[in-house]
Amino acid sequence: MGRGVYALARVAVVVRAPAGWLWWPGLLAAGIGALVPGLTGRTIGLLAGAALFVIAAFVVFAIRRGRYTALARRASRARKAVILQDRSVTIRIWRRAHRWWLLLAFLTAVGSSFALPAAGGLLMAGAALGLWGKAWWLGRWEREHDALLWVRTESAGRGGAAGKELRGYELTGMAAGDARPGGARAGASRSGASRSGASRSRAVRSAAARTGR
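Please read all numbers here as calculations on a predicted model, not as lab measurements.

**Some thoughts on the sheet that holds strand 2 (residues 76-77)**
What the five strands build is an open sheet, ordered 2-5-4-1-3; its pairing is mixed. Two strands close off the open sheet at either side, each with one partner strand: strand 2 and strand 3 (83-84). Of the strand pairs in this sheet, strand 1 (residues 7-10) and strand 3 are connected by two bridges, and their pairing is parallel. Pairing of Ala7 across the sheet is with Ile83, part of strand 3.

Put into structure tokens, the structure is as follows:
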């Protein structure tokens, strides 16, 4: 996986990073769209939106699961000296890199309501639900294998958490990082410890973080 010190981001956090930014704007766009009669009428628009919501959630949840499984199967233990990126940093980096695409998606969803009221917003929300579902699925893998999945930040930035250039993930113990299995925010006690030791998240981790001891 390369030599020297490098940074790792949680796979599940990378996967779920877009979810919140699709869910709430999607619901807002759907709410705005429901106020617009549209060319097809509200009833047809809402029915179409409900169908798109279910389809998007299923497709996003199911797509590339085999690729994630293969990368997890080839995962190796993280090196003794790595930087474990905070959950909030991973999400912030993703948001900054995609903020204009998110704005475009929101405006497109609102604009589509003049044809199919609320359908575009519900499509966005369905995609968010699928991402949360995939992160939950990854979290179940992490619990079953008692290890957390990580990806190098430069690889995640170029091709996401399952890019073509990736050959495998890296593993740490369950105590590493500041997010629960599946990438959700840690509870109050753990997040408090994370804030008090925030500098450690930006520093080089020892073998103890790597093995979970």
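What follows continues from the structure just given.
**Description of the layout of surface pockets**
One way to see where empty space is left: roll a probe the size of a water molecule over the atoms. In this structure, the largest pocket occupies an estimated 480 Å³ of space. Forming the boundary of the largest pocket are 25 residues, of which Val14, Trp94, Ala156, Gly160 and Ala161 lie nearest the centre. For the lining of the largest pocket, the secondary structure elements donating two or more residues are helix 1 (11-16), helix 5 (87-112), helix 6 (119-145) and helix 7 (153-159). When residues in the lining of the largest pocket are grouped by element, the largest group, five residues, is from helix 5. Of the residues belonging to the lining of the largest pocket, the class tally is 16 nonpolar, seven polar and two charged.

**Quick notes on the packing of aromatic side chains**
In this description, an aromatic ring pair is defined by two values, namely the gap between the centres and the angle between the planes. Scanning all chains against the criterion turns up two aromatic pairs. The rings of Trp23, Phe53 and Trp132 are connected pair by pair, giving a single aromatic cluster. Between Arg10 and the ring centre of Trp150, over which it is positioned, the NZ or CZ distance is 5.8 Å. Taking NZ or CZ as reference, Arg65 lies 4.4 Å from the ring centre of Trp137, over its face.

**Observations regarding the side chain of Arg87**
By the element assignment, Arg87 lies in helix 5. As a buried residue without a salt bridge, Arg87 has its nearest oppositely charged side chain in Asp178, at a separation of 6.6 Å. The residues touching Arg87, leaving out its near neighbours within four places in the chain, are Val13, Arg16, Asp178, Ala179, Gly183, Ala184 and Arg185.

**A look at the packing of helix 2 (residues 19-34) against helix 5**
The interhelical angle for the contact between helix 2 and helix 5, taken along N-to-C directions, is 15°, at an axis separation of 10 Å. By the angle class used here, helix 2 and helix 5 are roughly parallel. When you trace helix 2 past helix 5, the crossing you get is right-handed. Here helix 2 contributes Trp21, Leu22, Pro25, Leu28, Ala29 and Ile32 to the contact with helix 5, which in turn contributes Ile91, Trp94, Arg95, Leu102, Phe106, Ala109 and Val110. The residue makeup of the contact of helix 2 with helix 5, split by class, is 12 nonpolar, no polar and one charged.

**A short note on the environment of Gly120**
By secondary structure assignment, the location of Gly120 is in helix 6. The class for Gly120 is buried, based on a relative accessible area of 13%. As for Gly120 and Val110, which are separated by 10 residues in sequence, their C-alpha atoms are 6.9 Å apart. Contact partners of Gly120, with chain neighbours within four places excluded, come to Ala109 and Ser112.

**Focus on helix 3 (residues 42-62)**
Spanning 21 residues, helix 3 covers 30 Å between terminal C-alpha atoms, matching the ideal 30 Å at 1.5 Å per step. Those residues of helix 3 that are buried lie in contact with helix 6.

The rules behind these values
Residues numbered from 1 in each chain as written. Predicted model: local features only at pLDDT ≥ 70, side-chain atom pairs only at ≥ 80, totals over all residues. Heavy atoms only, no water. Pairing = 2+ DSSP bridges. Helix = DSSP H or I, 4+ residues; strand = E, 2+ residues; numbered from the N terminus. 1 Å grid on protein atoms, 1.4 Å probe; cavity = no way out; pocket = protein on both sides within 12 Å on 5 of 7 lines; lining within 4 Å. Points joined across faces, edges and corners; volume = space filled by probe spheres on them. Nonpolar A, V, L, I, M, F, W, Y, C, P; charged D, E, K, R; others polar. Phe/Tyr/Trp six-rings, centres within 6.5 Å; stacked < 30°, edge-to-face > 60°. Lys NZ or Arg CZ within 6 Å of the ring centre and 35° of its normal. Buried < 20%, exposed > 50% of the residue type's maximum accessible area, 1.4 Å probe, protein only. Lys, Arg positive; Asp, Glu negative; His and termini not counted. Salt bridge = Lys/Arg side-chain N within 4 Å of Asp/Glu carboxyl O. Contact = heavy atoms within 4.5 Å. Axes fitted to C-alpha atoms, helices over the stretch in contact; angles between N-to-C directions. Parallel < 35°, antiparallel > 145°, perpendicular 65-115°, else oblique. Left-handed = near helix turned anticlockwise from the far one by under 90°. Expected span 1.5 Å × (residues − 1).

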